[in-house]
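# Structure assessment
What follows is each chain in one-letter form.
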Amino acid sequence: RALAHCGPLLLSGGDEGVLCIRNTDDDTVQFVPRFPSPLRHLASGADGKSVCVSLEENSLALINDLHGWVKPKWIHALDVPIAFASNVGAPGKQLAGTAAAPAPAPAPVAALHVLANGGVAATGGGRRVQFLDEEGKVVPSKSVTLDRSNTVRCGDPMRRWCLRQVSFSARASCLLTCEVRRSPALDRFDPDATTSSVLKWWRRDSDGQYTLDSIAHDAHKAEITVAIAHPSREHAFVTASLDGTFKCWDLLVAGSISKTDAADIDDGKDNEEPVARASGARCWQCVAQGSWRGRPILSGCFSGDGSALALGFHGFAVLWEHDTATELRALPAGEATDRVAQLHSAVAGGRFLLLGTVRAAAGAHQEVLCWDLARLTVIARVNLSAELAGERRCVVRVAPPSGSGSGSALRLLAFRAPGGELRVWRLDLGAAAGAEASFREEAVATLPKGRQLLDAAFAPPSPDVEATRRVLCWTSDYELWSLDMLAPGIAGADAATPEKRKKKKDQGEMAPIVKDDERQELGPAGRMLGDARKASATGAAAYKDLRFFKYPVRTTAVQQAGITPRLVEQICPPHIPSHMLPPPSALWERLVAVLAKPSPSADLSGVAGAKAVEDGTAAAEEAAAGVEAGAAAGGAAQWLG
């Protein structure tokens with residue numbers, strides 16, 4: 001995949017994530033293993049000591065010394081998924097003559113996470129949790145590395161640990177990650193035990209670094225679909241799975257007993273476990289668990305104050321009391337076979353609201369239902385199937401009100417993943433306590449052709465939140481965009497009804513919020529040099545929009561002219577018989593004198609060296625003149641006739 005020269009060393013690397021350093025003098029090989037992803041490109045410095053390694057995960061490794069112990073220094077950008085396939089090419093594109101395109105590793109359920117303290121975390125690569133600053137730059141010192149071992153590309157990306165769920169506590173001092181892996185060896189013996197999962201709890205130390213605190217292997221028997229944190233309790237988490245069970249976790253003293261075990265002791269059962277160990281060490285433990293009719297759990301969230309837990313099933317959204325894990329109420333959500341794919345809660349207008357994304361079994365109909373938890377009734381809904389074109393699943397993000405101003409209403413962001421359109425709705429609540437509510441369309445954004453959304457989320461609140469609302473987008477090109485959905489001049493719901501907006505869009509009268517990239521029609525050279533079609537037609541001004549680069553001259557005029565009869569005569573005269581040719585050393589000296597480029601430190605003061613350079617330059621000019629003359633005459637040069 002990658003090859004480069006660095007002085008007497010030959011560097012190579014590929015999908016195994018190993019840098020090979022071969023010394024051409026003695027043919028010895030040195031290996032630098034355990035790069036976290038396949039190597040894409042190698043570049044060496046002019047001094048022959050520095051090497052830059054480009055990795056497929058969108059990182060750069062800088063090596064300043066290739067002798068002895070090699071320890072790279074890193075430049076990290078936002079991680080991108082690694083493509084896993086036997087034939088590797090551009091992500092999402094099928095290679096010519098191959099059976100299948102490379103499949104990217106399964107990304108987490110959500111790639112962008114907005115924290116309660118105003119920060120943003122990204123998990124687009126599926127192997128690390130990265131944090132962004134206010135300017136959108138990666139902060140490497142705060143990244144949480146889950147698995148950085150070397151990788152071997154294979155057909156199944158699930159053969160290594162992949163991040164699937166991430167949850168941050170209320171103050172972001174604790175972090176819960178869920179990783180899964182599939183073992184092909186176990187598939188031959190026990191297909192039900194092929195997939196393994198692990199829950200990891202991380203705690204932030206005084207330096208701001210997250211350190212691993214607790215691990216729970218195979219906490220559930222099936223895929224984990226829910227991993228959420230309590231909105232006010234810093235150490236309380238809840239996980240749920242397709243096995244039909246949900247578990248409540250809390251940070252307790254190691255060896256302490258849960259509420260269920262305490263009840264057994266009160267009943268007089270023998271139990272030799274102490275209530276708490278003398279050491280006082282703490283770890284996350286399961287304090288309660290439950291299930292609802294043995295049905296698989298699809299989604300979940302906490303209420304605004306954390307007193308209730310909402311879990312999504314087929315056809316129902318069930319409310320639970322978190323402390324006792326007792327059922328409170330089952331809210332119907334569509335038909336019995338419909339899936340409650342997402343659940344969100346918020347407090348708006350003095351009401352506790354629950355929003356659920358309901359998807360029909362066939363996937364054709366998708367809508368958002370909004371319940372008032374005080375009345376336990378649906379007060380508003382949005383038909384996503386009619387608003388968003390396509391058949392992919394719809395993803396919903398909710399931004400709760402952040403103030404008391406006019407622009408602090410609850411907003412709903414919806415898009416298809418993958419898809420090329422975003423829509424924002426605003427929830428208008430009635431003035432009366434029991435009045436109905438409605439969603440009003442506020443903004444629409446369309447991505448350029450050839451780009452799709454993988455994930456999107458509302459940006460953290462800012463002081464000017466009443467004037468604008470920004471959205472972070474993770475695109476199919478693995479780029480992070482920041483869009484101003486309420487920018488001036490964008491036609492919103494105030495300008496027209498949704499029906500009129502759709503009509504204008506179909507007729508081409510409404511321009512998308514993100515215009516198509518005109519450079520897509522150009523090739524790589526056009527994107528680098530610019531578009532000459534925008535320049536003037538005549539004169540030197542015709543090239544004013546072209547951005548020409550001045551590359552260093554690495555060839556001489558003789559080398560550019562090529563092997564011509566005039567130059568061949570200077571190396572080996574054609575009239576000399578083969579048995580009378582000069583020795584090879586003399587032929588090589590003539591070849592170097594004519595065609596080679598003099599070294600910057602070479603001494604050309606000698607008569608022979610200067611004459612060779614002058615003869616070569618003159619021969620090149622004569623050859624170029626002959627080519628032009630032949631072309632003007634309508635034929636080839638004289639020596640080719």
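Positions within a chain are numbered from 1, following the residues in the order the chain's sequence is written. Owing to the predicted nature of the model, reporting of local features is limited to residues with pLDDT of at least 70; listing and counting of side-chain atom pairs is limited to 80 or more, with chain, interface and lining totals taken over all residues. Values reported for side chains reflect all heavy atoms of the structure, with hydrogen atoms and water molecules removed beforehand.

## A closer look at the overall build of the protein
For helices the rule is a DSSP run of H or I covering at least 4 residues; for strands it is a run of E covering at least 2, with both sets numbered from the N terminus onward. When helices and strands are tallied, the protein shows eight helices and 37 strands. Burial statistics for the protein: of 641 residues in total, 41% are counted as buried. Restricting the contact set of the protein to residue pairs at least 6 apart, pairs at least 24 apart contribute 48%. Surface summary for the protein: the accessible area is close to 33900 Å², and the carbon and sulfur share equals 53%. We call a residue buried when its accessible area falls under 20% of the maximum for its residue type, exposed when it is over 50%, and partly exposed in between, using a 1.4 Å probe and counting protein chains only. Contact definition: two residues touch when any of their heavy atoms are within 4.5 Å. Calculation of accessible area relied on Shrake-Rupley with a 1.4 Å probe; when residues are assessed, cover is drawn exclusively from the protein chains displayed.

## A short note on the packing of aromatic side chains
Paired rings are identified among Phe, Tyr and Trp, the last through its six-membered ring, by centres lying within 6.5 Å, and are further divided according to the angle between planes into stacked (under 30 degrees), edge-to-face (over 60) and tilted (the rest). In the structure shown here, the tally under the stated rule is 10 aromatic pairs. Centroid distance F131 to Y210: 5.7 Å. Interplanar angle 5°. Geometry classified as stacked. Taken together, the residues F131 in strand β13 (residues 128-132) and Y210 in strand β18 (residues 210-217) connect sequence positions 79 residues apart. Taking relative accessible area as the criterion, Y210 reaches 10% and is therefore assigned buried.

## Here we look at the side chain of E234
For E234, the location among the structural elements is in the loop between β19 (224-229) and β20 (237-241). Classification of E234 by relative accessible area gives buried; the value is 9%. For the purposes of these results, a polar contact is taken to be a pair of N or O atoms within 3.5 Å, where, inside protein, one atom must be able to donate a hydrogen and its partner to accept one; residues adjacent in sequence count only when each atom of the pair is a side-chain atom. Side chain to side chain, E234 and S169 meet in a polar contact 2.5 Å long. A distance of 2.4 Å separates a polar atom in the side chain of E234 from a polar atom in the side chain of S173.

## Quick word on the nonpolar core
In terms of nonpolar packing, the biggest core is built from 21 residues, with L412 and F439 touching the most fellow members. If sequence neighbours within four positions are ignored, F439 has contacts with L355, C370, A380, R381, V382, L412, W425, R426 and L427. Nonpolar cores are built from buried Ala, Val, Leu, Ile, Met, Phe, Trp, Tyr and Cys residues. Side-chain atoms within 4.5 Å join them into one set.

## Quick word on the pairing of strand β2 (residues 9-13)
By the alternation rule, side chains of β2 split into L9, L11 and G13, which are all buried, and L10 and S12, of which none is buried. For two strands to be treated as a pair, DSSP must find at least two bridges joining them. Bridge count between strand β1 (residues 2-6) and β2: five bridges; the pairing is antiparallel. Paired with H5 across the bridge in β2 is L10. In this structure, β2 lies alongside strand β3 (residues 19-23), joined through five bridges in antiparallel fashion. Bridged to S12 within β3 is C20. Hairpin connection, β2 to β3: the antiparallel pair is bridged by five residues, and G17 has positive phi, about 75°.

## Remarks on the confidence of the model for the protein
For residues with low pLDDT, the predicted coordinates do not support detailed interpretation. Scored from 0 to 100, pLDDT records how confident the predictor is in each individual residue. Of the residues in the protein, 69% reach a pLDDT of 70 or more, and the chain-wide mean stands at 74. This stretch, residues 84-107, has a pLDDT under 50; its non-local contacts, to residues over four places away or in other chains, come to 50 contacts. Note on residues 259-278: pLDDT is under 50 here. Beyond four places in sequence and across chains, it has 14 contacts.

## Points about the environment of V53
Mapped onto the elements, V53 comes out in strand β6 (residues 51-55). Measuring from C-alpha to C-alpha, the distance between V53 and L19 comes to 8.8 Å, with 34 residues separating the pair along the chain. With residues up to four places along the chain from it excluded, the contact list for V53 reads L19, L39, H41, L42, S59, L60, A61 and I63.

## Digging into the sheet that holds β3
Spatial strand order, β1-β2-β3-β4: four strands in an open sheet with antiparallel pairing. Every interior strand has two partners, whereas the edge strands, β1 and β4 (28-32), have only one. Averaged over all adjacent pairs, the angle separating strand axes in this sheet is 20°, with direction ignored. Whenever a helix is involved, its axis is fitted only over the stretch in contact; in every case the axis is a line through C-alpha atoms, and angles between N-to-C directions fall within 0 to 180 degrees.

## Observations concerning the pairing of strand β5 (residues 39-44)
By the bridge criterion, five bridges tie β5 to β6 in an arrangement that is antiparallel. The residue bridging S44 from the neighbouring strand is V51, located in β6. Linkage of β5 to β6, two consecutive antiparallel strands, is achieved through a turn of six residues, within which G48 is found at a positive phi near 75°.

## Some details on the pattern of salt bridges
By definition here, a salt bridge exists when the distance from a side-chain nitrogen of Lys or Arg to a carboxyl oxygen of Asp or Glu is within 4 Å. This structure, assessed with the given rule, holds 16 salt bridges. R203 is the salt-bridge partner of D213, the closest N and O atoms lying 3.9 Å from each other. Residue D213 is found in strand β18, and its partner R203 is found in strand β17 (residues 195-204); the two are separated by 10 residues along the sequence. By relative accessible area, D213 is classed as partly exposed at 30%. A relative accessible area of 30% means that R203 is categorised as partly exposed. For the salt bridge of D323 with R233, the shortest nitrogen-to-oxygen distance reads 2.9 Å. Taken together, the residues D323 in the loop between β25 (316-321) and β26 (326-332) and R233 in the loop between β19 and β20 connect sequence positions 90 residues apart. Within this structure, E387, E421, R423 and E441 form a network of salt bridges that share partners.

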